[in-house]
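Architecture and fold: a report
Now for the letters of each chain:
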Amino acid sequence: MYTQLNKAQPYALSLFRIVVGLLFACHGAASLFGILGGAMGGGSIPTGTWPGWYAALIQLVGGALVVLGLGTRIAAFISSGSMAYAYFKVHQPEALFPLQNGGEPSAVFCCVFLLLVFTGPGAFALDRLFAPRNDAERSDDRARERASAVTA
């Protein structure tokens, strides 16, 4: 059973990345353009307002890049840092725990994007079209092919 799950891992990771990136981009679009309910219940954030407008821009652009799988690790790193800043500067001073201070989305997005920094984009990503493959990745692919041939 684990062999089948391991084979599906790059595809599941891609689905995870796409969903998280889309949700993140929607937060940015809501704040920047007042769509999807707008920022904090309506409207948009005034252009150039610190830190909200810049955070929303990072959410929109970072989320879109993560959805596409383009510059995934860098976009995820910047997005994770943005959410860490949001949590510690905006939410954590209100109360210690995310459940008490309304910082659950910031904390979760921070951890999720940090995970994507280390896991990469998965199977379906534009990164895979542009990134040169190194010898270690090729040998990993050959080992996976041999393992799947043995189990088939």
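All of these numbers come straight from a predicted model, not from anything done at the bench.

1. Section: the environment of Leu60
- Positionally, Leu60 belongs in helix 2 (residues 52–68).
- By relative accessible area, which is 22% here, Leu60 ends up partly exposed.
- For the pair Leu60 and Ala29, spaced 31 residues apart in sequence, the C-alpha separation works out to 5.9 Å.

2. Some words on the packing of helix 3 (residues 72–91) against helix 5 (residues 104–119)
- At a closest axis distance of 8 Å, the pairing of helix 3 and helix 5 adopts a crossing angle of 155°. As far as their axial angle goes, helix 5 and helix 3 are roughly antiparallel. Here the hand of the crossing between helix 3 and helix 5 comes out left-handed. On the side of helix 3, the interface is formed by Arg73, Ala76, Phe77, Ser79, Ser80, Met83, Ala84, Ala86, Tyr87 and His91, while helix 5 contributes Ser106, Ala107, Phe109, Cys110, Phe113, Leu114, Leu116, Val117, Phe118 and Thr119.
- Class assignment for the residues of the contact of helix 3 with helix 5 results in 14 nonpolar, five polar and one charged.

So, how was this worked out
- Residues numbered from 1 in each chain as written.
- Predicted model: local features only at pLDDT ≥ 70, side-chain atom pairs only at ≥ 80, totals over all residues.
- Heavy atoms only, no water.
- Helix = DSSP H or I, 4+ residues; strand = E, 2+ residues; numbered from the N terminus.
- Buried < 20%, exposed > 50% of the residue type's maximum accessible area, 1.4 Å probe, protein only.
- Axes fitted to C-alpha atoms, helices over the stretch in contact; angles between N-to-C directions.
- Parallel < 35°, antiparallel > 145°, perpendicular 65-115°, else oblique.
- Left-handed = near helix turned anticlockwise from the far one by under 90°.
- Contact = heavy atoms within 4.5 Å.
- Nonpolar A, V, L, I, M, F, W, Y, C, P; charged D, E, K, R; others polar.

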